[in-house]
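# Summary of structural features
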Amino acid sequence: MLPNTGRLAGCTVFITGASRGIGKAIALKAARDGANIVIAAKTTHVNPKLPGTIFTAAEEIEAAGGKALPCAVDVRDEQQISNAVEKAVERFGGIDILVNNASAMSLTNTLETPTKRVDLMMNVNTRGTFLTSKACIPYLKKSKIAHILNLSPPLNLNPLWFKQHCAYTIAKYGMSMCVLGMAEEFKGEIAVNALWPKTAIHTAAMDMLGGSGIESQCRKVDIIADAAYSIFKKPKSFTGNFIIDENILREEGIKNFDIYAIKPGHPLIPDFFLDEHPDTITKKMESHDALPELKEEKSQPPPKPRSGAVAETFRIVKDSLSDDVVQATQAIYQFELSGEDGGTWFLDLKSKGGNVGYGEPSDQADVVMSMYTDDFVKMFSGKLKPTMAFMSGKLKIKGNMTLAIRLEKLMNQLNAKL
């Protein structure tokens, strides 16, 4: 971790979505310097799936050495933003740093994204960032530090990042466009930058999105907190930058990034929107994972014809089904496979005991997955992570994303048999 210099002592940092995850990590980092933290988040009551409220975060911030002001703020509500800004100025005398961290996410394609979900992402990500910035700017202009930091990605117009989740990409890029515009508009007065992780970051939200075991492919929130702190140390002239966490920390002299890994040495999921095409990383991971098996196959009989690989995979899956698996999953999956041994297959994890087969399921599928047969076999045998397959465009998903992610848990259980 980077040493604390006390640079932020007495500074007031206004952070949206600071009750948990990345927002809280940035808050705690600043609090150790003795900063004043405005926790502008909407969670006031405990949620068993997403632990942390503005009040529990305030306790942690105070314990770390900072002063905390918990404010119930839904960034979709302009009045709530204004009230929190007024309270912050009244309590601490001004605002020095704004962190636009609050965000909403839905990795669904155009036809599968309900209007209310589109509105949520646009209103929280783009509109919320704009309105919170607008409310804070008059006070930021009076600060010697004066930083706005948006947790948003570089503006990468590769269609890959639009085709699977167009609405989410537009909403996140809206935050980045605020950086582009405001950095120019307030040049010399306020530094405006964006920060984005190189890899997936482990948070409670990531657990919900990726399911059990996802954490081993992630880094800790500390890497974002340390990178944000590095940005806050920069002068106002450091503005209009789209910063990747690992890059700025390398400039700070950090060489060993294992300190940020949940499981050091384990392959990491690259984050969305970055220039390195995820397909490249997928191939690297596949070749890494496949090496031991390739060596073993030399001493084994020739493999069965590829045309039977999918059928064999489903046979093993069927033998592994149980009432417990069905109870834990409660979903029907349909697979549209192209290539040899392809066609339509299904995996019914709703009916008693579960069932698999060729053709469409008897009841409507909750999730439809489309991919090539080779990638399907690799995915079920653990050589291709579903997350990587999805991000690289090898896997297309229609339907309930939460249920799609549950399937990954089952795959992890089956890897040894496949």
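The model shown is predicted, which means the values in this text are computed figures rather than measured ones. (Residues numbered from 1 in each chain as written. Predicted model: local features only at pLDDT ≥ 70, side-chain atom pairs only at ≥ 80, totals over all residues. Heavy atoms only, no water.)

### What to know about the overall build of the protein
When you go through the protein residue by residue, the secondary structure sums to 15 helices and 12 strands. The proportion of buried residues among the 418 residues of the protein is 53%. Long-range contacts, defined as pairs at least 24 residues apart, comprise 73% of the intrachain contacts of the protein with a sequence gap of at least 6. (Helix = DSSP H or I, 4+ residues; strand = E, 2+ residues; numbered from the N terminus. Buried < 20%, exposed > 50% of the residue type's maximum accessible area, 1.4 Å probe, protein only. Contact = heavy atoms within 4.5 Å.)

### Section: the sheet that holds strand β9 (residues 343-349)
The 5 strands lie next to each other as β10-β9-β8-β11-β12, forming an open sheet whose pairing is mixed. Each end of this open sheet is capped by a strand with a single partner; those strands are β10 (355-358) and β12 (396-399). Between one strand axis and the next, the sheet turns by 15° as a mean value, whatever way the strands run. Two strands pair when backbone bridges link them, and β9 and β10 are joined in this way by 4 bridges, in the antiparallel orientation. Residue pairing for β10: D348 is matched across the bridge by N355. Taken strand by strand, helix α11 (residues 309-320) contacts β8 (331-338), β9 and β10, and its axis lies near 10° from that of β9. (Pairing = 2+ DSSP bridges. Axes fitted to C-alpha atoms, helices over the stretch in contact; angles between N-to-C directions.)

### Overview of a nonpolar patch on the surface
A surface patch of nonpolar side chains, amounting to about 280 Å² of accessible area, comprises L155, M177 and L180. Tracing the chain through its elements places L180 in helix α6 (residues 166-185). (Patch = residues over 30% accessible without salt bridge, like charges linked within 9 Å, V, L, I, M, F, W, Y side chains within 5 Å. Areas by Shrake-Rupley, 256 points an atom, 1.4 Å probe, with all protein chains shown as cover. Salt bridge = Lys/Arg side-chain N within 4 Å of Asp/Glu carboxyl O.)

### Structural notes on helix α2 (residues 54-63)
Inspection of α2 places I54, A57, A58 and I61 among the buried residues, and these make up the whole buried set. Along the axis of α2, the buried positions cluster into a sector of 105°, meaning they face one direction only. Exposed and oriented more than 90 degrees from the buried face of α2 are E59 and A63. Buried residues belonging to α2 abut α1 (21-31), β2 (36-41) and β3 (67-72). Downstream of α2 by a residue or two, G65 has a phi angle that is positive, lying close to 115°. (Arc of directions from axis to C-beta.)

### Some points on the sheet that holds strand β1 (residues 12-16)
Backbone hydrogen bonds hold the strands of a sheet together, and the pairing may be parallel or antiparallel. Read from one edge of the open sheet, 7 strands run β3-β2-β1-β4-β5-β6-β7, paired in parallel fashion. Of all strands in the sheet, those with a lone pairing partner are β3 and β7 (242-244), marking the two edges. The mean angle between the axes of side-by-side strands here comes to 20°, regardless of whether they run parallel or antiparallel. When β2 meets β3, the two strands line up parallel, connected through 6 bridges. By the bridge assignment, N36 is partnered in β3 with K67. Packed onto the sheet, helix α4 (residues 115-140) meets β1, β4 (97-100) and β5 (147-150) and runs at close to 175° relative to β4.

### As for the packing of aromatic side chains
This model, assessed by the stated rule, comprises 15 aromatic pairs. Each ring, one from F162 and one from Y173, has its centre 5.5 Å from the other, and the planes form 90°; the classification is edge-to-face. Of this pair, F162 sits in helix α5 (residues 160-163) while Y173 sits in helix α6, and the two are 11 residues apart along the sequence. What makes F162 partly exposed here is its relative accessible area of 23%. Exposure remark for Y173: the relative accessible area of 3% places this residue in the buried category. Put simply, the rings of W161, F162, Y168, Y173, W196, F272 and F273 pair up and form one aromatic cluster. Its guanidinium or amino end placed over the ring of Y229, K29 lies 5.1 Å from that ring's centre, counting from NZ or CZ. Above the plane of the ring of F238 lies K234, whose end atom (NZ or CZ) is 5.2 Å from the centre. (Phe/Tyr/Trp six-rings, centres within 6.5 Å; stacked < 30°, edge-to-face > 60°. Lys NZ or Arg CZ within 6 Å of the ring centre and 35° of its normal.)

### Considering the environment of K198
Along the chain, the position of K198 falls in the loop between β6 (191-196) and α7 (204-210). Its relative accessible area of 32% is what places K198 among the partly exposed residues. Apart from residues lying up to four places away in sequence, K198 is in contact with I244, D245, E246, P270, D271 and L274. Among the polar contacts listed, one links the side chain of K198 to the side chain of E246, at a separation of 3.5 Å. (Polar contact = N/O pair within 3.5 Å; in protein donor to acceptor, adjacent residues only side chain to side chain.)

### Some thoughts on the nonpolar core
Grouped together as the largest cluster of nonpolar side chains are 85 residues, with contacts concentrated most on F14, Y333, F335, L347 and L407. Looking at which domains feed residues into this core, each of domain 1 (12-278) and domain 2 (309-416) gives three or more. Beyond its immediate sequence surroundings of up to four residues, F335 is in contact with F314, G343, T344, W345, F346, L347, M369, F376, F380 and L407. (Core = buried A, V, L, I, M, F, W, Y, C linked by side-chain atoms within 4.5 Å. Domains from an automatic or database assignment.)

### With respect to α1
One turn of an α-helix holds 3.6 residues; hence residues three or four places apart share an orientation. The element α1 is largely enclosed, with a buried count of 10 among its 11 residues. Of the positions making up α1, those classed as buried are I22, G23, K24, A25, I26, A27, L28, K29, A30 and A31.

### Quick notes on the packing of α4 against α6
Remark: α4 packs on α6, axes separated minimally by 7 Å, with the N-to-C direction vectors making an angle of 15°. With respect to their mutual orientation, α4 and α6 come out roughly parallel. Seen from above, α4 lies across α6 with right-handed handedness. Counting all contacts with α4, which are made through V118, M121, M122, N125, T126, T129, F130, S133 and I137, the residues of α6 involved are A167, Y168, I170, A171, K172, G174, M175, C178 and M182. Looking at the contact of α4 with α6, its residues break down into 12 nonpolar, 5 polar and 1 charged. (Parallel < 35°, antiparallel > 145°, perpendicular 65-115°, else oblique. Left-handed = near helix turned anticlockwise from the far one by under 90°. Nonpolar A, V, L, I, M, F, W, Y, C, P; charged D, E, K, R; others polar.)

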